[in-house]
Each structure stands twice: as structure tokens, then as C-alpha cells.
Amino acid sequence: IRRTILRERYRQIFPTAVLFSAGLIWIGFLLDEPGNIITGLYRIVVSENILITDYVYIAGPGAALINSGIVTGISICILKFSGASFNGDTIVTMGLMSGFSLFGKNFFNIWPIILGSWLYAKYRKRPFSRYASVALLSTSLAPLVSYMTFGSKYASVPLGLLSGVVIGFVLPSLSSYTYKIQNGMNLYNMGFACGLLAMTIVPILTALDDKPESVLYWATGFNTAFAVVLIILCLIFILAGFFCTGEPAWAVWAGYRRLLSTTGRAPSDYLRMFGAGPVLVNMGVNGLLGMLYIFLNCGDLNGPTLGGIFTIIGFSAMGKHAFNIVPVMIGVALGAYGIHQTLDYPSLQLAGLFGTTLAPISGHFGWPFGVLAGFIHSALVLQISSPVAGVNLYNNGFSGGLVAIVLYPIITAVWVHRRPKLRDEDYYDLFEGDSPIDTSDWRTTRTVVSEQAE
């Protein structure tokens, strides 16, 4: 019965993701005229897509949202028809793909990387379903495909395609290794892996006198329109969590409170641990917190910041909640004053959102260490972009990985000499017999979730 409940819960992910992608396309058509949308989509495809290329700026809000809807639809179909398992990681992948397809990923530059990961699966004689999520997350380096196709000194379509295939082929094994050395403290493992690969590729291009150059295309003036869309979306998540999952509202609230006491250390599949209701509520609350952070810092709602908020919403199913992301945001805000920058500086707006990759540090060691991690991250992320020249979209994941690798052993050795009283996986012991979750099945499935998170 318990396994049937889980299968039924995961079965709803596919139609919901399809509906979400269709909703993005519909909103896109509402915000712009068809002629402008077609022109905008062309600009998105032929752009170099180096950070920070805001699709709202170069193509308009309609084309940007339609591109996001198309990429999201492609992603969920790849997961579905490859036979990949649906779980909390699926929601994470959808959040990342929909968010970053507002500034860097498009329906052209993701395919060569996906093909490369498919070839890797064939080379290893394993089903592609095992690498489908990794293939999609590897599109963090999609700007390199666009650059080698349209912007390089040696630009050509075959070169761009070959670059993407090579990237997709090597990243599954690299991400598997990097996952092990971060101790679950950096949620954006693929960002760290892609950053390491980019630090290898960019110097080679530089030696060939072909180094990509970072850009800044940043849209303003869309706060009201995007705020309305975000508020409606987040309220739908919250209301659906309380009233549309078949669970009593009090049970959803109780589950959400238990969720707030977890560390968020990877892998933490909240959908499996607490059910759809608490996860949907968590997604809505976190989305509103992300928008509030932007407004409190006099920032802008545009392609990149919407991407950051969508990413937070996605990871609300696997590691992030209000109690472990707010300290990191505060740390980033404090760091802005330390490096003599205003909080509305574009890179710092993104650091406050994407820096929540370090939420497990806050949850595992306590909020003061979350503030410390955010403070360090705010300085590091501004400097770490130069070596990778803007080709790694998950730049905050790269920075977060470095922070996690440095802080975890220091905090453990110097300040914290014991484990926290409650770990995420202990919920299966505490609620065994009362929870609809199969404890033994979870413990055997942690390995599978880890591989998908990689």
C-alpha cells in the first residue's frame, strides 16, 4: 500500500509539469505580440548566451517565457520517455530548466549536451534513464555551445555541436566524483562540476586567442507584471498543497513544520519524506521569500532573477526551506557592504537567490554558520566568474562548492564536535509505523536519489 501511495504521488508530476510549461507559454503570448515573439526567439537562439544574457532584455518577456515553457516541456518529456524515476529530484530539474531558460538555455543549445550524455550511457551500456537528469543539468554549459556556434573566432555549427557532445559525455563521471567531496553541503553539485570543466576549457580557448567575454544584459521595469505572475503562482502552490492533495489541511501543516526542522543536507527528497502537500506549501513560501528578497534590496524582476526564484522553488522539493535559506540570504546582504557594493548590483541580486545552494550549512550547523557561508559566498562568487568567462550558468553552484569544501571540515573540527540531534533521515525512524513512507525502501533508494542528484 505504501509503495502504491508513492507511485501515485509521483505519477502526478508529469501532468503538472506539462501544465506548468503550457502556462509559461500562455503567459508569454499574453505579454507580447506574435511577431515580436518570433523575432525574439530568433535572437535567443543566435545569441552567445554568455552570463549575464537576460532574455527579457534581448528578446522581450513574451519570447523569454515561451522559450522557458518549450525547454521545460522538452525536459519533462525526456525524463518521462527515457523511463527515469520521478521524485523530488524531478521537481528540482524542472525548476532549474525553466529558470535558466530565461537567461542562457534555449531549445537549440541544450540538445548537443543531452546527446553527449546519451552517448555516454550507450558507451557504459547502461539505460539512458540513469543519466537523463544529469544530461539536463549538464546544460549549465549550454552557453559554450552557442559561443562555439555563433561567437567564436572559429565559429561553426559543427564545432558548436561537437563541443556540446563532448561536454555531455564527460560530465556524468565528473559530477559523480564532485558529489562525494562536498559532504552534501552544496545543493548545486552540477554547478561545481561544470565550473571545474569550464576552468579547463576556457584557458585552452584563451591560449588559442579565443576567450569568451562576459556581458551584462539586464532588463528593468518589469517588476509589477512579474510580481503579479509570481504571487499568483506561489499562492496556487500553497492552496494546492493544503486543499488539493487529498490530505487534511492540519496534516499538511504538521508535515510542513516537520520539513522546516530538517537540515536540507543532500540528498533530502522532501516529496518522499513528507508528501506532496508540505512540499507544495514549501515551494510557494520559498518563492515568495525569494521575491521579497529582491524587493527589499530594491532589485529587479527579470529573466535572471526569475530564474533564481524558480530554482529556489524547484529545490524546495529537495533541501531548501525558509529556515535554512534566510540566513544565507542575510549573509549575502551583509557581504555586499563588506565589498562596498550596493545590494541592487546584478551579480549580488543573483548571489542572494542562488547562494541558497549553501542552505544545508545553515540547517546542519545552525543559522550563524549560514550567515557566515552567505557572507563568504558574496565575495567569492564575484571573483570566480572571471576564470570561467561566463560560460557556466551555475556560477553560484561553483562558488558554493568551494565554500562548502572549505567550511565543512573547519566547522566540524573547530566548532562542532558532535552530530546534530536530528538528521533528515531520522524521520523514518521517528515516524516508522505512522508514516506512509516505507522506511526500508527509502534507505535502499538513497543511493538512487544520490545518483540522480549527481
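Our subject is the structure that appears above.
Values in this document were obtained by computation on a predicted structure and should not be read as measured data. (Residues numbered from 1 in each chain as written. Predicted model: local features only at pLDDT ≥ 70, side-chain atom pairs only at ≥ 80, totals over all residues. Heavy atoms only, no water.)

K.L.:
Provide a residue-level description of the overall build of the protein chain, including the pertinent values.
P.N.:
Looking only at helices and strands, the protein chain features 23 helices and 0 strands. A buried classification covers 60% of the 454 residues belonging to the protein chain. Within the protein chain, counting contacts between residues at least 6 apart in sequence, those at least 24 apart form 80% of the total. Taken as a whole, the protein chain presents about 17,800 Å² of accessible surface, with 66% of it coming from carbon and sulfur. (Helix = DSSP H or I, 4+ residues; strand = E, 2+ residues; numbered from the N terminus. Buried < 20%, exposed > 50% of the residue type's maximum accessible area, 1.4 Å probe, protein only. Contact = heavy atoms within 4.5 Å. Areas by Shrake-Rupley, 256 points an atom, 1.4 Å probe, with all protein chains shown as cover.)

K.L.:
Help me get a handle on the pattern of salt bridges, residues and values and all.
P.N.:
Between side chains of opposite charge, a pair can form when the charged atoms approach closely. Under the criterion given, the structure shown has 1 salt bridge. Here D209 ties to K153 by a salt bridge, and the two come within 3.7 Å at their closest N and O atoms. Remark: K153 occurs in the loop between α9 (142-151) and α10 (157-180) and D209 occurs in the loop between α11 (189-207) and α12 (223-243); sequence separation between them is 56 residues. Residue D209 is classed as exposed on the basis of its relative accessible area of 59%. Given the relative accessible area of 52%, K153 is considered exposed. (Salt bridge = Lys/Arg side-chain N within 4 Å of Asp/Glu carboxyl O.)

K.L.:
Describe the packing of helix α2 (residues 13-31) against helix α5 (residues 61-82), and please don't skip the residues or the numbers.
P.N.:
At a minimum axis distance of 7 Å, the contact between α2 and α5 shows a crossing angle of 165 degrees. Considered as vectors, α2 and α5 are oriented roughly antiparallel to each other. Here the hand of the crossing between α2 and α5 comes out left-handed. Taking contact as the criterion, the partners of F14, A17, V18, F20, S21, L24, I25, I27, G28, F29 and L31 in α2 are, on α5, P61, G62, L65, I66, S68, G69, I70, T72, G73, I76 and K80. Of the residues belonging to the contact of α2 with α5, the class tally is 14 nonpolar, 7 polar and 1 charged. (Axes fitted to C-alpha atoms, helices over the stretch in contact; angles between N-to-C directions. Parallel < 35°, antiparallel > 145°, perpendicular 65-115°, else oblique. Left-handed = near helix turned anticlockwise from the far one by under 90°. Nonpolar A, V, L, I, M, F, W, Y, C, P; charged D, E, K, R; others polar.)

K.L.:
How would you summarise the environment of G95 if you had to cite specific residues and measurements?
P.N.:
As for its placement among the helices and strands, G95 is situated in helix α6 (residues 88-100). Assessed through its relative accessible area of 6%, G95 is described here as buried. It is 4.9 Å that separates the C-alpha atoms of G95 and T311, two residues lying 216 residues apart in sequence. Sequence-distant contacts of G95, that is, excluding residues within four places in its chain, are made with F310, T311 and G314.

K.L.:
I'd love a proper account of the packing of aromatic side chains, names of residues and values included.
P.N.:
Taken as a whole and assessed by the stated rule, the structure comprises 19 aromatic pairs. Judged by centre distance (6.0 Å) and plane angle (75 degrees), the ring pair of F20 and F310 falls under edge-to-face. Residue F20 is found in helix α2, and its partner F310 is found in helix α16 (residues 303-315); the two are separated by 290 residues along the sequence. Classification of F310 as buried rests on a relative accessible area of 7%. Here the aromatic residues F100, F103, F354 and Y394 are joined through ring pairs into a cluster of three or more. One cation-aromatic arrangement involves K80 over F14; the distance from NZ or CZ to the ring centre is 5.3 Å. (Phe/Tyr/Trp six-rings, centres within 6.5 Å; stacked < 30°, edge-to-face > 60°. Lys NZ or Arg CZ within 6 Å of the ring centre and 35° of its normal.)

K.L.:
So what about unusual backbone geometry? Which residues, and what values?
P.N.:
Put simply, L51 and I52 share a cis peptide bond, and its omega is -5 degrees. Within the secondary structure, I52 sits in the loop between α3 (34-46) and α4 (55-59). Here the bond from A266 into P267 is cis, since omega is -5 degrees, no more than 30 degrees from zero. Of note, P267 is situated in the loop between α13 (249-260) and α14 (270-274). Despite not being glycine, K125 has its phi angle at roughly 55 degrees, a positive value. Relative to the elements of secondary structure, K125 occurs in the loop between α7 (111-123) and α8 (132-137). Judged by its relative accessible area of 77%, K125 is exposed. Phi angles above zero are rare outside glycine, and A389 is one such case at about 55 degrees. Turning to its location among the elements, A389 is positioned in the loop between α20 (367-388) and α21 (395-415). We classify A389 as buried; its relative accessible area is 3%.

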